[in-house]
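A structural walkthrough
Read off the chains here:
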Amino acid sequence: GTMSLLKPRQNNHESDTTSPLTEQELYAGADAMEIVRDAHGYFAKRVEWRSAKETMADLERVHFIGVDAMGLLVTGHLTGAGAAVRRKVDAPPAPDTNKKSPAQRRTSTRVTAAERSEETASKTRDRLQEALQNRDLMKSVGEYEEYLPLSTRVVRELRAIFECLGGMYSDGTSLLLSASSVPSYIPPPEPSLPPGGKVLRTEKVGSGHYTQSTMQLLKTGFPQLDSYGEARRSVAYASVDGYCRQLRTARKKLMPPEGSAGSAIALAQIVDSAARDAVRCIEHTMVVVSGEKSVYRCVVSPTSSNHHHDESGPQYQRALAGCYSFVVAAAVDRLLDLIEYTFLREAGCSINLGSVGDGGAGPGNSEMDIRAAGSAAAAGLRIVDGVRMLGPSLSRLCDLASIGSGESTIASALCISLHRSTVKNCSKTLENLARSIQLDPLDGTKHVPTDARVAKVSSDVVHAIRVISPFASAYKSVSKRRTLPWDEGMGDDAGEIDIFVRFLIKQLIVSLQGKAQNYKNEENPDNQVKTHLFMMNNMYYLLDSLGPDGYEHINDESDENYRIKAPWFQSKMNKIFEGEKAKYLASWEVLNNHLTKVDERELNYKDKKDILSLESGRLIKSRFSGFIEDFERVYLVHRTFTVIDPKLRETLQDDIRNVFMARYKAFFDRYASIKFSKKNMENYLKYPPNKLDGLIGQLFASK
């Protein structure tokens, strides 16, 4: 009967899912192995017999062959069964959940893959939060669901094997069949945790593995557990790996051709898509681990109290924990590598931008601009959000409460590494964003507009703030665990995302002030006034885009409808704006120098009483000609400036009118009726007030 178990080795060309043995043959083999063990025990009590040692050695050899054959059968069944997950059937679109009760919403959180790919941050959090509140969590997350891939017959056969082999320990060369031969100390299962209990990366990022520990052979000391662990480890890993590759292939199809128009926006979408896929992989890994737990409970748990465990009970319990951890650790290991790869490849953590506050720019700094850094930071926070919400549940799934060994396992250590690594890499993306603003070039027409309009750096920073703003909770999770250059507090002393936003605004203002200095280097002194209009344009844009009373239209339901309501923002922006506006309007004050009243005593008329004398006429001529000369000079320069915002443009035009128009109108009305020039009156009166008003109304028009 024992020898008949060798058939799986001889028939390995057959389907793994179909056993070449009947159940009766399996049970007969198990009974034969019981007889062998009993016979071994019989001769162990009579070692003084001359034939005892040789007979015991033969019995051990026969028993070992049977155990090996059973191990092959376990491997064939558990490998051939495939993954313990299957794709869900997409449900039809659900009605508005706002009209449902919380209990109803918890049963309708299943969404399609297409819907999940377009979820906003708040909708994702709501969905995951509802899933976590659902008693049947695994039915509410992921695109797959757990199921038992084993038939009833296969389950009976596997249980029979585990009951037969029970808690018999093996030292790696032979089975120790008698209680007296079991050593007092049994080493822990291998692979085991390194000293300190912290799992570090040993494999290359993107290789598909994080640590070598999950690739080692399982050695628990119990052959059936080793066969079980090796078989299900490969299945669990393949399930997560295949899903990751599937998402990556789909994402590659969205990649725009290099150098194509709009590729920068498309690349930002790719980064966001990679982060969404990482969260989807976390959900999928949870389902895979839950499925493996179901397989374990179905096959191993019912036999874990077998009567053979009496001599090696604690060791067997520890081996059970090590075996289950070995299986699920492979899935978490693949997930951890994927997330780190996403940070390094997609989110730009491999790009060295230096430290925030450094004066110099290191090599490769130009590889990531502000918009890309903002998208990377948002992607990092999205992943942290997923790990923050789902990580604890994943960690609980990786532990077996029924065993309760109290020892840390590789799987639980990898879950800790998952959170630690995600927080660390996310903090790097936040630092890269701050550093990218600091490194934005201070010269060049791309960065310093020739017409003093809003700089690209301002719109990029506003975009960055908007895309990271929906992840306030994720940012808090990072700041509580990492000291940041702008926030040295940790734990309860850690700051909120508003502190980071304030730091970004501060960096932006410093960058804008540096760019504004370029206008002072221009040859024409009148062009230097662009410094003030440039700062006004940018301060107004920031107020309009981020201020509590801003007018820039954003959908109120959008996650990115972020407004800085703290008093410091409005106060700072208004202070800079008003200061720069006063300096700008001062350039128009020169016109008032010519609008002074002529003393009546100096106005002398000729004999006809209607024409001023030559000397008196020159007093008025000099004022009109001086005004015209300065106005045309100033206007010629200022008409090249641009103010995109129509409200600001109209406000500035009115402010310019308020500088001199009232005085000019009074001056013009008073002296236009006096004939102070005999032949050239029209040259001095070429700018009546209404014409001047119209010219001012044409200033700052977008080119």
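For the structure, see preceding data.
Structure report, in brief. Within any chain, residue numbers begin from 1 and follow the written order of that chain's sequence. Totals for whole chains, interfaces and linings use all residues, but because this is a predicted model, local features are given only for residues with pLDDT of at least 70 and pairs of side-chain atoms are given and counted only at 80 or more. Side-chain metrics in this entry use all non-hydrogen atoms of the structure; hydrogen atoms and water are not considered.

So, about helix α17 (residues 567-586). Here α17 is 20 residues long and its end C-alpha atoms lie 29 Å apart, about the 28 Å a rise of 1.5 Å per residue gives. Buried, partly exposed and exposed residues are distinguished by accessible area as a fraction of the type maximum, computed with a 1.4 Å probe on protein chains only: under 20%, between the cut-offs, and over 50%, respectively. Going along the chain from the N terminus, every DSSP run of H or I of four or more residues is numbered as a helix, and every run of E of two or more is numbered as a strand. For α17, the complete set of buried residues consists of W568, F569, M573, I576, F577, E580, K581, Y584 and L585. Contact between two residues is taken to exist if any of their heavy atoms lie within 4.5 Å; hydrogens are not considered. Where the residues of α17 are buried, they touch α15 (497-516), α16 (530-546), α18 (614-638) and α19 (646-671). In this scheme, a helix's expected span is set at 1.5 Å multiplied by one less than its residue total.

Here we take up a positive patch on the surface. In this scheme, patches are assembled from residues that exceed 30% relative accessible area and form no salt bridge. Like charges are connected within 9 Å, while nonpolar side chains (Val, Leu, Ile, Met, Phe, Trp, Tyr) are connected within 5 Å. Accessibility throughout is a Shrake-Rupley quantity obtained with a 1.4 Å probe, and a residue counts as covered only by protein chains that appear here. Here, a salt bridge means any side-chain nitrogen of Lys or Arg that lies within 4 Å of a carboxyl oxygen of Asp or Glu. Positive charges come from Lys and Arg, negative ones from Asp and Glu, while His and the chain ends are left out of the count. Think of each charge as sitting on NZ of Lys, CZ of Arg, CG of Asp or CD of Glu. Taken together, the side chains of R502, K506, K572 and K575 make up a positively charged region of the molecular surface. Among the elements of the structure, α15 and α17 are those that each provide at least two residues to the positive patch. Within the secondary structure, R502 sits in helix α15. R502 gets classed as partly exposed once you look at its relative accessible area, which sits at 46%.

Put simply, buried Ala, Val, Leu, Ile, Met, Phe, Trp, Tyr and Cys residues joined by side-chain atoms within 4.5 Å make one nonpolar core. The biggest cluster of nonpolar side chains holds 183 residues, and the ones touching the most others in it are Y228, I468, I505, Y584, W588, F631 and F660. Each residue touching F660, except ones within four places of it in the same chain, is listed here: W588, L591, N592, L595, F627, F631, L692 and I696.

With respect to the helices and strands, the residue D655 is situated in helix α19. Assessed through its relative accessible area of 15%, D655 is described here as buried. Every residue in contact with D655, bar those within four places of it in the chain, is listed here: K581 and L585.

It is worth spelling out the environment of N524 at this point. Following the sequence through the fold, N524 ends up in the loop between α15 and α16. Judged by relative accessible area, which is 30%, N524 ranks as partly exposed. Linking N524 and V637, residues 113 residues apart in sequence, is a C-alpha distance of 9.4 Å.

Okay, unusual backbone geometry next. Non-glycine residue A452 carries a positive phi angle of around 65°. Mapped onto the fold, A452 is located in the loop between α12 (410-438) and α13 (456-468). A positive phi angle, near 65°, is found at F700, a position not held by glycine. With respect to the helices and strands, F700 occurs in the segment after α21 (689-696).

Take the pattern of salt bridges next. On inspection of all chains with the given rule, the structure shows 30 salt bridges. Linking R87 and E143 is a salt bridge whose minimum nitrogen-to-oxygen distance equals 3.8 Å. Linking R87 in strand β1 (residues 85-87) with E143 in the loop between α6 (121-133) and β2 (144-146), this pair joins segments that are 56 residues apart in sequence. Here R87 falls in the partly exposed class, since its relative accessible area comes to 41%. Linking D460 and K456 is a salt bridge whose minimum nitrogen-to-oxygen distance equals 2.7 Å. Of this pair, D460 and K456 both sit in helix α13, 4 residues apart, which is roughly one turn of that helix. One connected set of salt bridges, linked through shared partners, spans R201, D241, R245, R334, D337 and E340.

Two numbers describe how α18 lies on α21: the axes approach to 12 Å, and their chain directions differ by 15°. Comparing the axis directions of α18 and α21 gives the class roughly parallel. α18 and α21 meet at a crossing whose hand is left-handed. Between α18, through F627, F631 and Y635, and α21, the contact on the second element is made entirely by L692, L695 and I696. Helix axes are fitted to C-alpha atoms over the stretch in contact, other axes to C-alpha atoms as well, and angles between N-to-C directions run from 0 to 180 degrees. Our angle categories are set so that under 35 degrees counts as roughly parallel, over 145 as roughly antiparallel, 65 to 115 as roughly perpendicular, and the remainder as oblique. If you view the pair so one helix is near and one far, a crossing is left-handed when the near helix is turned anticlockwise from the far one by less than a right angle, and right-handed when it is turned clockwise.

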